[in-house]
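Breakdown of the fold
If you want the building blocks of each chain, they are given just below.
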Amino acid sequence: MELDAARHIRYFKRCYSAVLPHHYTANDSSRLSLGYFIVAGLDILSSPSSYTASPDSKSKPPPSLLTSKDRYRLRKWVLSLQHRGGGFCGSPQHVFPDELLPNGPVTDPENANIAATYFALMLLAIVAEDPKEPSKDIPLDIYINVNRVATLRWLKSLQREDGSFGEILKPDGTVGGGRDMRYAYMAAVIRWVLGGDQADSGLDFNVDKFVSHIKRSQTFDGGIAESSMGESHAGYSYCAVAALSMLDLTAEDEENPNKYLKAGIPNIPALVHYLVSRQFVYTEETDDEDDETEPSNTPAPDIASLSLEDHSVAGFSGRPNKIPDTCYTWWVAGALDLLSDAFEGPTRVDQASGKQFLLEKTQHVIGGFGKNAGKPPDVYHAYLGLAALATMAGDEQEAGLGLFNVRLCIGKEAANRVAIGRKEILQKAALDAAED
């Protein structure tokens, strides 16, 4: 079974142009994240690298699913969510007019959150238009209207003394939210995009404490937990690996390109073992996680023996005693991909079987992917299903999908624009400093 790209395009276009089902109402405060999954899904399904044709084909690549008008409107919307104290808000309902503010022109600091800021920076790059004439040095100005200094200062204020990051800054100046490893990943991305690594100590967060926090989160079974003494989890494992990988982008250590990855994960082989052990043979009897009966899913007897010729369907779970899930196929595949340069041994997962689980069990008839087999699609799993397929394809690109950047979890072309935006905002910072 193959990816039905046309079906997924229709799904994301419906989500983009029409009102989402009422089930999303409770997520209004996270509207920016919903926009990210929808727009990023359209992008990876219509990016230049998503077009694959036979050598004798005379057809042209399909046009982008986002028009220039769409891109302009989306950019304006994202920037309207920028918080004056730094960072971005997750919804227009969190951005208040000055005259309604009890404490003057600065909005409540709780309205900006780290997840919204990550999604905003990625969206600004996704919707940016490449120059009509690539040969000319035309600035894209992706982050030109982002308050770099305020956002980096705000980000630094979200780091706790133990090196972990919270989600929001409370009015009393304390950090709110748990020590979620997802916040650590988003902090590392925000820092890299806005050039925090090249800022002075007053703007950059404490990298050594950050790495130590991640290091303490590896558990006895090799996986990574939310924080120290927590339960290991495939999603947290990806976030930890990707966060350290982002730090390595700025390390510029040619002799040790995985400096932070190796420093932050004490036992990489144990983490790889934990991740490959998340692959389970799928059986129809346990397609509902809430079923009261005992699960009959069992780990593959010998993961190392799985091969491309093995036709059993084996999806990935996020932690022990959970059934295969679309998003965990991405979390596991993404983490293993990033670990491949630092780990010399084989990963021993059956990617063909993992792909089969997505295409046969969770790919939905109306487009998108459901969380588990038989579940309706949602924009979160729909996007991460595509991300998993693009990542597992490796050098053999998945037909209908663009090339993928595993670190940033967006398409390759969009990731290239993020890098351009980073370069431009650093150049602007240097010019501003020279003028002072």
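Since the structure is predicted, the reported quantities are computational estimates derived from the model, not experimental observations. (Residues numbered from 1 in each chain as written. Predicted model: local features only at pLDDT ≥ 70, side-chain atom pairs only at ≥ 80, totals over all residues. Heavy atoms only, no water.)

1. Looking at the overall build of the chain
Helix and strand counts for the chain stand at 14 helices and nine strands. The 436 residues of the chain split such that 53% are buried. The contacts in the chain between residues at least 6 apart in sequence include a share of 70% that link residues at least 24 apart. Within the structure as shown, the chain displays about 20500 Å² of accessible surface, and the carbon and sulfur contribution to it stands at 51%. (Helix = DSSP H or I, 4+ residues; strand = E, 2+ residues; numbered from the N terminus. Buried < 20%, exposed > 50% of the residue type's maximum accessible area, 1.4 Å probe, protein only. Contact = heavy atoms within 4.5 Å. Areas by Shrake-Rupley, 256 points an atom, 1.4 Å probe, with all protein chains shown as cover.)

2. So, unusual backbone geometry
Of note in this structure, Met229 is not a glycine but carries a positive phi near 75 degrees. Positionally, Met229 belongs in the loop between α7 (207-216) and α8 (234-251). A positive phi angle, close to 70 degrees, is found at Asn321, a residue other than glycine. Position of Asn321 relative to the elements: it lies in the loop between β7 (314-316) and α11 (326-339). Accessibility expressed as a relative area gives 73% for Asn321, which makes it exposed.

3. Focus: the packing of helix α2 (residues 31-46) against helix α13 (residues 379-392)
Two numbers describe how α2 lies on α13: the axes approach to 9 Å, and their chain directions differ by 35 degrees. Where α2 crosses over α13, the handedness of that crossing is left-handed. Here α2 contributes Leu34, Tyr36, Phe37, Ile38, Ala40, Gly41, Ile44 and Leu45 to the contact with α13, which in turn contributes Val379, Tyr380, Tyr383, Leu386 and Ala390. (Axes fitted to C-alpha atoms, helices over the stretch in contact; angles between N-to-C directions. Left-handed = near helix turned anticlockwise from the far one by under 90°.)

4. Things to note about the pattern of salt bridges
Taken as a whole and judged by the stated rule, the model has 13 salt bridges. A salt bridge links Asp43 to Arg417; its shortest N-O distance comes to 3.9 Å. Taken together, the residues Asp43 in helix α2 and Arg417 in helix α14 (residues 412-435) connect sequence positions 374 residues apart. The two residues Asp43 and Arg417 agree in class, both being buried. (Salt bridge = Lys/Arg side-chain N within 4 Å of Asp/Glu carboxyl O.)

5. Notes on α2
Helix length check: α2, at 16 residues, gives a terminal C-alpha distance of 23 Å against a target of 22 Å (1.5 Å per residue), a fit within 8%. Counting buried positions over the 16 residues of α2 gives 15, a clear majority of the element. (Expected span 1.5 Å × (residues − 1).)

6. A look at helix α3 (residues 68-80)
An ideal rise of 1.5 Å per residue puts 18 Å on 13 residues; α3 measures up with 18 Å between its terminal C-alpha atoms. Burial in α3 covers these residues: Asp70, Arg71, Leu74, Arg75, Val78 and Leu79. One side of α3 carries all its buried residues, which in axial view fall inside an arc of 155 degrees. Residues of α3 that are exposed and angled more than 90 degrees away from the buried face: Lys69, Tyr72 and Lys76. Residues of α3 that are buried in the fold lie against α1 (5-17), α2, β1 (88-89) and α4 (114-126). (Arc of directions from axis to C-beta.)

7. Topic: the packing of α4 against helix α6 (residues 181-193)
Between α4 and α6, whose axes approach to 9 Å, the crossing angle comes to 45 degrees. Considering the angle they form, α4 stands oblique to α6. When you trace α4 past α6, the crossing you get is left-handed. Contacts from Ile114, Ala115, Thr117, Tyr118, Phe119, Leu121 and Met122 of α4 reach α6 at Tyr183, Tyr185, Met186, Ala187, Val189, Ile190 and Val193. (Parallel < 35°, antiparallel > 145°, perpendicular 65-115°, else oblique.)

8. Comments concerning the packing of aromatic side chains
Counted by the stated rule, this structure contains 19 aromatic pairs. Arranged with centres 5.4 Å apart and planes meeting at 75 degrees, the rings of Tyr11 and Phe12 form a pair that is edge-to-face. Each of the two residues, Tyr11 as well as Phe12, counts as buried. Among the aromatic side chains, those forming a connected cluster through ring pairs are Tyr36, Phe37, Tyr118, Phe119, Tyr185, Tyr238, Trp330, Trp331, Tyr380, Tyr383 and Phe404. In this arrangement the basic side chain of Arg191 is found over the ring face of Phe205, its NZ or CZ atom lying 5.4 Å from the centre. (Phe/Tyr/Trp six-rings, centres within 6.5 Å; stacked < 30°, edge-to-face > 60°. Lys NZ or Arg CZ within 6 Å of the ring centre and 35° of its normal.)

9. Observations concerning the confidence of the model for the chain
This prediction gives the chain a mean pLDDT of 85; 84% of its residues lie at or above 70. Under a pLDDT of 50 for its full length, residues 53-59 has, in the predicted model, two contacts with residues more than four places off or in other chains. Here residues 286-296 is modelled with pLDDT under 50, and outside its nearest four sequence neighbours on either side it reaches 17 contacts, counting other chains as well. (pLDDT = per-residue confidence, 0-100.)

10. Considerations on the environment of Tyr118
Positionally, Tyr118 belongs in helix α4. The class of Tyr118 is buried, set by a relative accessible area of 4%. Here the alpha-carbon distance between Tyr118 and Tyr36, two residues 82 residues apart in the chain, equals 9.8 Å. Here Tyr118 is in contact with Tyr36, Tyr185, Met186, Val189, Ile190, Leu408 and Cys409, once residues within four sequence places are set aside. Within the local environment of Tyr118, its side chain forms a polar contact with the backbone oxygen of Leu408, the two atoms lying 3.0 Å apart. (Polar contact = N/O pair within 3.5 Å; in protein donor to acceptor, adjacent residues only side chain to side chain.)

11. Side note on the nonpolar core
Counting residues in hydrophobic clusters, the biggest one holds 130 residues, and the most contacted among them are Tyr36, Tyr238 and Tyr383. It is α4 that provides the largest number of residues to this core, a total of twelve residues. The contacts of Tyr36, once residues within four sequence positions are left out, are Gly41, Tyr118, Phe119, Met122, Leu123, Ile126, Tyr383, Leu408, Cys409 and Ile410. (Core = buried A, V, L, I, M, F, W, Y, C linked by side-chain atoms within 4.5 Å.)

12. Structural notes on the layout of surface pockets
Left-over empty space is what a probe sized like a water molecule reveals as it rolls over the atoms. The calculated volume of the largest pocket comes to roughly 1100 Å³. Around the largest pocket, the lining comprises 45 residues; the ones closest to its centre are Ser33, Leu34, Phe37, Phe119 and Tyr380. When residues of the lining of the largest pocket are traced back to their parent elements, those giving at least two are α1, α2, α4, α6, α8, α11 and α13. Broken down by element, the residue count for the lining of the largest pocket peaks at five residues, all from α2. Split into classes, the residues belonging to the lining of the largest pocket amount to 32 nonpolar, nine polar and four charged. Of the volumes computed, that of the second largest pocket is approximately 460 Å³. If you go around the second largest pocket, you meet 18 residues; those closest to its centre are Cys15, Leu20, Arg31, Gly35 and Ile38. Those elements that place two or more of their residues in the lining of the second largest pocket are α1, α2 and α3. Of the residues forming the lining of the second largest pocket, the biggest block, five residues, is contributed by α2. (1 Å grid on protein atoms, 1.4 Å probe; cavity = no way out; pocket = protein on both sides within 12 Å on 5 of 7 lines; lining within 4 Å. Points joined across faces, edges and corners; volume = space filled by probe spheres on them. Nonpolar A, V, L, I, M, F, W, Y, C, P; charged D, E, K, R; others polar.)

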